[in-house]
Amino acid sequence: MRIGEPAARAGTTTRTLRYYEARGLLPARRGENGYRTYDESDLKLLRQIRTLRDFGFDLEETRPFVECLRAGHPEGDSCPASLAVYRRKLAELDALIAELEAVRTKIGLRLATAEAEPPKCELGGQEL
């Protein structure tokens, strides 16, 4: 496949494929005509990267998954390094959730306090 086909099938752009190639995530193969060539295994790498990026992983965090696929594993998350990235990402998400829950609690308390007191000002009957 030439560069446009895997880009379209993976839902990305040819520019993105070139960037992944420059970052060492996609192989840099060229045909006799000098055009970049890709196969189904490259498409699988692209889809893995795309899925992880959609989940909020940064590009470097996708590398263990790509390397796992390149090593011949059927799935990018079947290697220990990939599992370690999953664990780190879950810990990061848990910390963010805890922060958001703390902020939500504070805002809820402020709202409850504000609603318990009589209004101190009117905005011409307009609600915020």
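Residues numbered from 1 in each chain as written. Predicted model: local features only at pLDDT ≥ 70, side-chain atom pairs only at ≥ 80, totals over all residues. Heavy atoms only, no water.

- By the naming in an unreviewed UniProt entry, the chain goes by MerR family transcriptional regulator and is assigned to Streptomyces thermocoprophilus.

**So, the packing of helix α3 (residues 40–54) against helix α4 (residues 63–70)**
Point 1. For the pair α3 and α4, interaxial distance at closest approach is 10 Å and the crossing angle is 155°. When the interaxial angle is binned, α3 and α4 end up roughly antiparallel. Both α3 and α4 take part in a crossing whose hand is right-handed. Judged by residue contacts, Lys-44, Leu-45, Gln-48, Ile-49 and Leu-52 of α3 engage Phe-65, Val-66, Leu-69 and Arg-70 from α4.
Point 2. Tallied by class, residues from the contact of α3 with α4 come to six nonpolar, one polar and two charged. (Axes fitted to C-alpha atoms, helices over the stretch in contact; angles between N-to-C directions. Helix = DSSP H or I, 4+ residues; strand = E, 2+ residues; numbered from the N terminus. Parallel < 35°, antiparallel > 145°, perpendicular 65-115°, else oblique. Left-handed = near helix turned anticlockwise from the far one by under 90°. Contact = heavy atoms within 4.5 Å. Nonpolar A, V, L, I, M, F, W, Y, C, P; charged D, E, K, R; others polar.)

**Brief notes about the pattern of salt bridges**
Point 1. Inspection of every chain in the model, using the stated rule, returns ten salt bridges.
Point 2. When the shortest N-O distance is used, the salt bridge between Asp-42 and Arg-29 registers 2.2 Å. With Asp-42 in helix α3 and Arg-29 in the loop between α2 (14–22) and α3, the pair connects residues that are 13 residues apart, well separated along the chain.
Point 3. Its relative accessible area of 31% is what places Arg-29 among the partly exposed residues.
Point 4. The partner of Lys-89 in a salt bridge is Glu-92, with the nearest N and O atoms 3.3 Å apart. Of this pair, Lys-89 and Glu-92 both sit in helix α5 (residues 80–116), three residues apart, roughly one helical turn.
Point 5. The network of salt bridges with shared partners includes Glu-5, Arg-9 and Glu-40. (Salt bridge = Lys/Arg side-chain N within 4 Å of Asp/Glu carboxyl O. Buried < 20%, exposed > 50% of the residue type's maximum accessible area, 1.4 Å probe, protein only.)

**Thoughts on the state of the cysteines**
Point 1. Evaluation of the coordinates by the stated rule reveals one disulfide.
Point 2. At a sulfur-sulfur separation of 2.1 Å, the disulfide partner of Cys-68 is Cys-79. The chirality of the disulfide connecting Cys-68 with Cys-79 is right-handed, given an S-S dihedral of about 80°. Of this pair, Cys-68 sits in helix α4 while Cys-79 is found in the loop between α4 and α5, placing the two residues eleven residues apart along the sequence. Assigned by exposure class, Cys-68 and Cys-79 land together as buried. (Disulfide = S-S within 2.5 Å.)

**Digging into the environment of Pro-80**
Point 1. Following the sequence through the fold, Pro-80 ends up in helix α5.
Point 2. The exposed category is assigned to Pro-80, whose relative accessible area is 67%.
Point 3. As for Pro-80 and Tyr-38, which are separated by 42 residues in sequence, their C-alpha atoms are 27 Å apart.

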